[in-house]
Amino acid sequence: MAKARLDSNNSMQKVAVIGASGYAGAELVGLLCQHDGVSIEHLVVSENSSSEGKLFSDLHGRFKTLCDLPLEAFSASWFDCCAVHLDAVFFATPHEFSADWAQAFVDAGVKVFDLSGGFRLKESTDYPKYYGFEHANIDALNSAQYGLAEWQETDIAQTNLIAVPGCYPTASLLGLKPITINKLHVENSLIVVNGISGVSGAGRSASLATNFNEVSLKAYNVLQHRHQPEISQEAHASVIFNPHLAPYKRGLMATVTMQLKEEVSAKQVDMAFQQAYGDKPLIRMVGAWPEIANVEYSPFADIHWQVDEEKHVVVVSCAIDNLLKGAASQALQCFNISLGLPSEYSMLSVTAASSNVKN
Ligand SMILES: NC(=O)C1=CN([C@@H]2O[C@H](COP(=O)(O)OP(=O)(O)OC[C@H]3O[C@@H](n4cnc5c(N)ncnc54)[C@H](OP(=O)(O)O)[C@@H]3O)[C@@H](O)[C@H]2O)C=CC1
Ligand SMILES: CC(=O)N[C@@H](CCC(=O)OP(=O)(O)O)C(=O)O
């Protein structure tokens, strides 16, 4: 694909964000505001949202004067009047809403970037099992492409329906794929992924389990989390995924442990990571164990690994901001790729000052 900077041949892309009152949606609006190829046409919430009619910047005060658009309520009549005028729509909505509506936008000629899990799993029978609903759009599920930006650039560029990866899967897969794609691991050996997320991973709605005052540090949804099949599917290897909730606002860490083939050296592992990420500006091979503090409010993924050549084991750790590389900034990477732009376009200046959920 020809890489380009934005020039006069790129017309302004008319976009809408559905779910703009939520955490991931608001981060995305913040990024889209800074993108010189984007015109935000609509910010949308649910049909009965208490935020309907409020200004986006009344809800998210840091955007005063930067984005003062009103929040509109989604409905079938909203779709009939507005969708056709858009180039792209971002769904930062519950999974089932995306699953129900994405194909209608594609049919109306609108490119869809879905931040939910509505189109990530290829096996439709996994939806009732892991998401609790029957998928109503199997054809769309089959045509959707998974959008791990550093690995699936060609697929992303060629589709109109992009399933932006989950937050835990993003960090996990960035660690796993250099090993599994190169078949450096013992196939069918046990692969364990331990993930830790801050509470913004659970979204903005109040719940006792994710109330900041209630959270200490504990594992949850062990052996049944919906990200387990997603990670396994995209790593092409069966994994055990152990998610943990921790008492901080944002940031996510995934640490994976894999058994290497006996003949695989530490040097080969180093080469696999260099080959995968040496030319990827948003992946930083940091040379020390990553820390959440170094990636929060940023679109970077920090990664580090260590090999024990005697035990034939590799441990890889990857830290991201769950709301950015784990959601909004990766969606923008996918959008940039679909326009033929460098995936990091307009993002390397993202700072704490421009981010939403603050400590
Ligand atoms: N939080 C995270 O770290 C990550 C989240 N995601 C995914 O992104 C999506 C959004 O997550 P998050 O921002 O955390 O969630 P929030 O609960 O913070 O926000 C959800 C948003 O969806 C809107 N919404 C809810 N129902 C509907 C509906 N029927 N029609 C239109 N809009 C609706 C809400 O609007 P209102 O309530 O005002 O009606 C709100 O704007 C989810 O699918 C989540 O799994 C992905 C990766 C990471
Ligand atoms: C801390 C927390 O609750 N995290 C969420 C995952 C984050 C998320 O929104 O999931 P998706 O990436 O699939 O959209 C969870 O475990 O369900």
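What you see is a predicted model; the values in this text were computed from it and never measured. (Residues numbered from 1 in each chain as written. Chains lettered and ligands numbered in written order. Predicted model: local features only at pLDDT ≥ 70, side-chain atom pairs only at ≥ 80, totals over all residues. Heavy atoms only, no water.)

With that settled, the discussion passes to the overall build of the chain. Counting its secondary structure elements, the chain contains 11 helices and 14 strands. The globule rule puts the C-alpha radius of gyration for 359 residues at 21 Å, and the 20 Å found for the chain is close to it. Every one of the 359 residues in the chain was classed for burial, and the buried ones make up 55%. When contacts within the chain are restricted to residue pairs at least 6 apart in sequence, those whose partners lie at least 24 apart make up 71%. Accessible area of the chain: about 15000 Å², with a carbon and sulfur share of 49%. Averaged over its 24 positive side-chain charges, the chain has a centre that lies 4 Å from the centre of its 38 negative ones. (Helix = DSSP H or I, 4+ residues; strand = E, 2+ residues; numbered from the N terminus. Rg over C-alpha atoms; globule rule 2.2 N^0.38 Å. Buried < 20%, exposed > 50% of the residue type's maximum accessible area, 1.4 Å probe, protein only. Contact = heavy atoms within 4.5 Å. Areas by Shrake-Rupley, 256 points an atom, 1.4 Å probe, with all protein chains shown as cover. Lys, Arg positive; Asp, Glu negative; His and termini not counted. Charge placed at Lys NZ, Arg CZ, Asp CG, Glu CD.)

Okay, the site of ligand 1 next. Around ligand 1, a shell composed of 29 residues is seen, among which Ser21, Ala24, Ser46, Ser49 and Thr93 lie nearest. Separating an oxygen atom of ligand 1 from a backbone N or O atom of Gly22 is a distance of 3.0 Å. One nitrogen or oxygen atom from the side chain of Ser49 is found 2.6 Å from an oxygen atom belonging to ligand 1. Starting from 900 Å² of accessible surface for ligand 1 in isolation, the protein chains cover 82%. Secondary structure elements with two or more residues in the shell around ligand 1: helix 1 (23–33), helix 4 (95–107) and helix 11 (324–338). The residue makeup of the shell around ligand 1, split by class, is 12 nonpolar, 15 polar and 2 charged. (Near = heavy atom within 4 Å. Polar contact = N/O pair within 3.5 Å; in protein donor to acceptor, adjacent residues only side chain to side chain. Nonpolar A, V, L, I, M, F, W, Y, C, P; charged D, E, K, R; others polar.)

Another point: the domain arrangement of the chain. By a widely used convention, the size of an interface equals the accessible area lost when the partners come together. Domains assigned within the chain are domain 1 (13–143) and domain 2 (167–320). Inter-centroid distance (C-alpha atoms) of domain 1 to domain 2 is 27 Å. Each partner contributes to the interface: domain 1 provides 13 residues, whereas domain 2 provides 11 residues. Taken together, both faces of the contact between domain 1 and domain 2 bury some 1100 Å²; the carbon and sulfur share is 54%. Among the residues domain 1 hides against domain 2, the three largest losses belong to Tyr23, Arg120 and Tyr130. Together they make up 52% of the total. In this structure, the connection of domain 1 to domain 2 is made through 2 salt bridges. In this structure, Arg120 engages Glu230 in a salt bridge whose closest nitrogen and oxygen atoms are separated by 3.3 Å. (Domains from an automatic or database assignment. Buried area = accessible area lost by both parts, 1.4 Å probe. Salt bridge = Lys/Arg side-chain N within 4 Å of Asp/Glu carboxyl O.)

The subject of this paragraph is the environment of Pro128. For Pro128, the location among the structural elements is in helix 5 (residues 126–131). Overall, Pro128 belongs to the partly exposed group, its relative accessible area being 34%. C-alpha of Pro128 to C-alpha of Lys325: the two residues are 197 residues apart in sequence and 27 Å apart in space. Those residues in contact with Pro128, other than ones at most four positions away along the chain, are Phe133 and Glu134.

Below, the discussion takes up the site of ligand 2. In the vicinity of ligand 2, 14 residues are found, and the nearest of them are Arg120, Tyr220, His225, Arg226 and His227. In this structure, an oxygen atom belonging to ligand 2 sits 3.1 Å away from a main-chain N or O atom of Cys167. Take His227: an N or O atom from its side chain is 2.5 Å from an oxygen atom of ligand 2. The fraction of the free accessible surface of ligand 2 (440 Å²) that becomes covered by protein chains is 83%.

As a further point, take unusual backbone geometry. In this structure, Lys183 is a non-glycine residue whose phi angle is positive, near 50°. Residue position: Lys183 is located in the loop between helix 8 (167–181) and strand 8 (191–197). At Ser346, a position not held by glycine, the phi torsion is positive, near 70°. You can see Ser346 is positioned in the segment after helix 11. In this structure Ser346 comes out as partly exposed when scored by relative accessible area, which is 22%.

Right, let's talk about the pairing of strand 4 (residues 88–91) for a bit. The alternating pattern of strand 4 places Ala88 and Phe90 and Val89 and Phe91 on opposite faces, both of which are buried. Sheet analysis places strand 1 (residues 13–18) next to strand 4, joined by 4 bridges and oriented parallel. Bridge pairing in strand 4 links Ile18 to Phe91. (Pairing = 2+ DSSP bridges.)

Read from one edge to the other, the open sheet built from 7 strands follows the order 9-10-8-11-14-13-12, with strand pairing classed as mixed. Of all strands in the sheet, those bounded by a partner on one side alone are strand 9 (218–219) and strand 12 (283–285). Inspection of the sheet shows strand 12 paired to strand 13 (residues 301–308) by 3 bridges, in the parallel sense. Looking at the pairing, Ile283 lines up with Ala301 of strand 13. In the packing of helix 8 onto the sheet, contacts are made with strand 8, strand 10 (239–245), strand 11 (252–259), strand 12, strand 13 and strand 14 (313–320), and the angle to strand 11 comes to roughly 30°. (Axes fitted to C-alpha atoms, helices over the stretch in contact; angles between N-to-C directions.)

Let's shift gears to the environment of Cys334. Mapping Cys334 onto the fold places it in helix 11. In the structure, Cys334 is positioned 186 residues away from Leu148 in sequence and 8.1 Å away in space, judged by C-alpha atoms. Non-local contacts of Cys334, meaning those with residues more than four positions away in its chain, are made with Phe113, Gly147, Ile156 and Ile162.

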